[in-house]
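Structural overview
Given next are the chains, with one letter for each unit.
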Amino acid sequence: MNNEVVEQIERLVKDVMNNSLHTSMPGKILSVDEASGLMSVQPTGSFYCGKIEMDYPVVSGIPMCVTANSNGIAACSPVKEGDDVLLICAEQSLSAFITETSEAQSNEKFELTNCIAIPGIQRSMPEAQKEANEKDAIVFTNGEDVKVLITKEEIEVTNGDNIKILISGDLVKAINGDVEFSISEENISLRGDTKLKGNLEIKGDMSVEGETVFKGKVTIKGDLEVEGNITATGNINGANSEG
């Protein structure tokens, strides 16, 4: 075999490998069909046709890979126009999968039109990922003020600087500015002004530090022990009064 034939075969193989056999590449979403779930994507980059450099064509009808199953259980985030995706070109035709038929419609092995889009490809590490790495945690965020952080020890939900919900062991704590409410196996703790509408029944001891104001009727069944002074504006009525 002479050198000219070898060179022609090499050029043919290179042309097939470079222009006909695709594996994966990044792309940008142009549109998403909400009814079918399929999208149109502009692949990033270019290819050569002979010595002419050309942009990749828009690819339509691409299925999207999401975290969900057929029972409707899912953990999803928005996927919209302008988002970056990773295109994976399939070894077998996806037409049977998309149309839910038993046979492939065509032979599209490793073709650009036969790919799946995986959302979430990033050019740089987002802040949520940095925090997840630092704290060995799972981080959910809306990109603004709301964040859920899950570690092996606790779950923390925050909304801005003032609102926080913490679940750690047997402790559940809610904080909103100067008001704090916590529940543990031992007690319920409340800090801040408290307003109750409805009945309050307490079985056991109640300790109050600070001023307590009651507006309306207060009924006490049982003994009332007071250390210190009681100041009343109005009458105190009772069967017996000592002092």
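Described in the following lines is the structure provided in the data block. (Residues numbered from 1 in each chain as written. Predicted model: local features only at pLDDT ≥ 70, side-chain atom pairs only at ≥ 80, totals over all residues. Heavy atoms only, no water.)

1. What to know about the overall build of the protein chain
Across its full length, the protein chain holds three helices and 14 strands. Looking at the protein chain as a whole, 16% of its 243 residues are labelled buried. Looking at the protein chain alone, contacts between residues at least 24 apart form 35% of all its contacts between residues at least 6 apart. As presented, the protein chain carries roughly 20,000 Å² of accessible surface, and 49% of it is formed by carbon and sulfur atoms. (Helix = DSSP H or I, 4+ residues; strand = E, 2+ residues; numbered from the N terminus. Buried < 20%, exposed > 50% of the residue type's maximum accessible area, 1.4 Å probe, protein only. Contact = heavy atoms within 4.5 Å. Areas by Shrake-Rupley, 256 points an atom, 1.4 Å probe, with all protein chains shown as cover.)

2. Some details on the sheet that holds strand S5 (residues 59–62)
Pairing is antiparallel across the open sheet formed by five strands, whose spatial order is S5-S2-S1-S6-S7. With one partner strand each, in any of the chains shown, S5 and strand S7 (115–119) form the two edges of the open sheet. On average, each strand axis in the sheet is tilted by 45° relative to the strand beside it, whichever way the strands run. Bridging between strand S1 (residues 24–32) and strand S2 (residues 39–43) involves five bridges; their strand directions are antiparallel. By the bridge assignment, Ser 31 is partnered in S2 with Ser 40. (Pairing = 2+ DSSP bridges. Axes fitted to C-alpha atoms, helices over the stretch in contact; angles between N-to-C directions.)

3. Focus on the pairing of strand S11 (residues 163–168)
Relative to S11, strand S10 (residues 154–159) is paired through six bridges, and the arrangement is antiparallel. Residue pairing in the sheet places Asn 159 in a bridge with Ile 163 of S11. Between S10 and S11, which pair antiparallel and follow one another directly, the connecting turn spans three residues, one of which, Gly 160, has a positive phi of 75°. Where S11 lies against strand S12 (residues 171–176), six bridges are found, and the strand directions are antiparallel. Bridging from a neighbouring strand, Ile 167 pairs with Val 172 of S12. What sits between the antiparallel neighbours S11 and S12 is a turn of two residues, in which Gly 169 has the positive phi angle 60°.

4. A few points about the nonpolar core
By size, the foremost hydrophobic cluster in this structure holds 15 residues, and its most contacted members are Met 39, Val 41, Ile 62 and Leu 87. Elements represented by at least two residues in this core include exactly S1, S2, S5, strand S6 (84–89) and S7. The greatest single-element share of this core, amounting to three residues, is contributed by S6. If near-sequence neighbours (up to four positions away) are discounted, Ile 62 is found in contact with Gly 37, Leu 38, Met 39, Val 41, Leu 87, Cys 115, Ile 116 and Ala 117. (Core = buried A, V, L, I, M, F, W, Y, C linked by side-chain atoms within 4.5 Å.)

5. Details of the layout of surface pockets
Once rolled over the atoms, a probe with the size of a water molecule shows which space is left empty. The computed volume of the second largest pocket comes to approximately 1,100 Å³. The wall of the second largest pocket is formed by 27 residues, among which Ser 77, Pro 78, Pro 119, Gly 120 and Gln 122 lie closest to the centre. If you list the elements that add at least two residues to the lining of the second largest pocket, you get S7, helix H3 (127–135) and strand S8 (138–141). (1 Å grid on protein atoms, 1.4 Å probe; cavity = no way out; pocket = protein on both sides within 12 Å on 5 of 7 lines; lining within 4 Å. Points joined across faces, edges and corners; volume = space filled by probe spheres on them.)

6. With respect to the sheet that holds S11
With antiparallel pairing, seven strands are arranged side by side in an open sheet as S8-S9-S10-S11-S12-S13-S14. Each of the sheet's edge strands pairs with one partner strand only, and the pair in question is S8 and strand S14 (188–191). For this sheet the average axis-to-axis angle between neighbouring strands, irrespective of direction, equals 5°.

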